[in-house]
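# Survey of secondary and tertiary structure
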Amino acid sequence: MTISKSEIEYWSCHDMGGSADRGYRVRWVDGKETHYSFGANGVGTVVGTNGSTYPMSWRNDSHRGSPIVVISHEDGATTWIPGAIN
């Protein structure tokens, strides 16, 4: 959520686990969940907190020495979640 032109709201999340065939769930600080499916070649889908499915792209990266998955959403937003996709 954009608060101003120079500040955005930060939402932390908890990795709820999953698998390559079932996808992965993340629970956000507000209690809502998002479901990510990571396909080949950095292409995937996300089921948002509103229940709708959206396309996304992804890549493995790191933050402060810990593995993360960087997700690029169709609306131009970029988020990341803990972990790595093999």
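Here, the structure is the one placed above.
Quick look at the structure, then.

What counts and what doesn't
All residue numbers refer to position in the chain's written sequence, counted from 1. Per-residue local features are limited, in this predicted model, to residues with pLDDT of at least 70; the limit for side-chain atom pairs, both in listing and counting, is 80 or more; totals at the level of whole chains, interfaces and linings are taken over all residues. Heavy atoms throughout the structure, all of them, feed into the side-chain values; hydrogens and water do not. In this description a helix means any DSSP run of H or I spanning at least four residues, a strand means any run of E spanning at least two, and both kinds are numbered starting from the N terminus. Relative accessibility thresholds used throughout: buried, under 20% of the residue-type maximum; exposed, over 50%; partly exposed, between the two (1.4 Å probe, protein chains only). Whether two residues are in contact is decided by their heavy atoms: any pair within 4.5 Å suffices. For every accessible area listed, the method is Shrake-Rupley and the probe measures 1.4 Å; residues are considered covered only by the protein chains on display. Pairing between strands is defined by DSSP: at least two bridges between the two strands are required. Whenever a helix is involved, its axis is fitted only over the stretch in contact; in every case the axis is a line through C-alpha atoms, and angles between N-to-C directions fall within 0 to 180 degrees. Whenever a carboxyl oxygen of Asp or Glu lies within 4 Å of a side-chain nitrogen of Lys or Arg, that contact is scored as a salt bridge. Only buried residues count toward a nonpolar core, which is a set of Ala, Val, Leu, Ile, Met, Phe, Trp, Tyr and Cys residues joined through side-chain atoms within 4.5 Å.

### Quick notes on the overall build of the protein
- From N to C terminus, the protein includes 0 helices and 9 strands.
- Of the regular secondary structure in the protein, the N- to C-terminal order runs β-β-β-β-β-β-β-β-β.
- A buried classification covers 22% of the 86 residues belonging to the protein.
- Expressed as a percentage of contacts within the protein between residues at least 6 apart in sequence, the contacts between residues at least 24 apart total 12%.
- Total accessible area on the protein is roughly 6000 Å²; 51% of this is exposed by carbon and sulfur atoms.

### Quick look at the sheet that holds strand β4 (residues 23–28)
- Read from one edge to the other, the open sheet built from 7 strands follows the order β3-β4-β5-β6-β7-β8-β9, with strand pairing classed as antiparallel. Edge positions in the sheet fall to β3 (13–19) and β9 (78–82), since each has one partner strand and no second. Each adjacent strand pair in this sheet contributes to an overall mean axis angle of 30°, direction not counted.

### Some points on the pattern of salt bridges
- What the rule picks out here adds up to 3 salt bridges.
- A salt bridge links Arg25 to Glu33; the shortest N-O distance between them is 2.6 Å.
- Classification of Glu33 by relative accessible area gives partly exposed; the value is 26%.
- Here Arg27 and Glu33 are joined by a salt bridge, their closest N and O atoms 2.5 Å apart.

### Things to note about the nonpolar core
- Val26, Trp28, Tyr36, Phe38, Val46, Met56, Trp58, Val69, Ile71, Ile81 and Ile85 form the largest nonpolar core, which has 11 residues in total.
- Elements that contribute at least two residues to this core include exactly β4, β5 (33–38), β7 (53–63) and β8 (66–73).
- Those residues in contact with Val26 that sit more than four places away from it in its chain are Cys13, His14, Met16, Lys32, Glu33, Thr34, Tyr36 and Ile81.

### Observations concerning the pairing of β8
- Here β7 runs beside β8; their pairing, made up of 8 bridges, is antiparallel. Bridged to Asn60 within β8 is Val69.
- Between β7 and β8, which pair antiparallel one after the other, the connecting turn spans 2 residues, and Arg64 there sits at a positive phi close to 50°.
- When β8 meets β9, the two strands line up antiparallel, connected through 5 bridges. Among the inter-strand pairings, Ser72 is bridged to a residue of β9, identified as Thr78.

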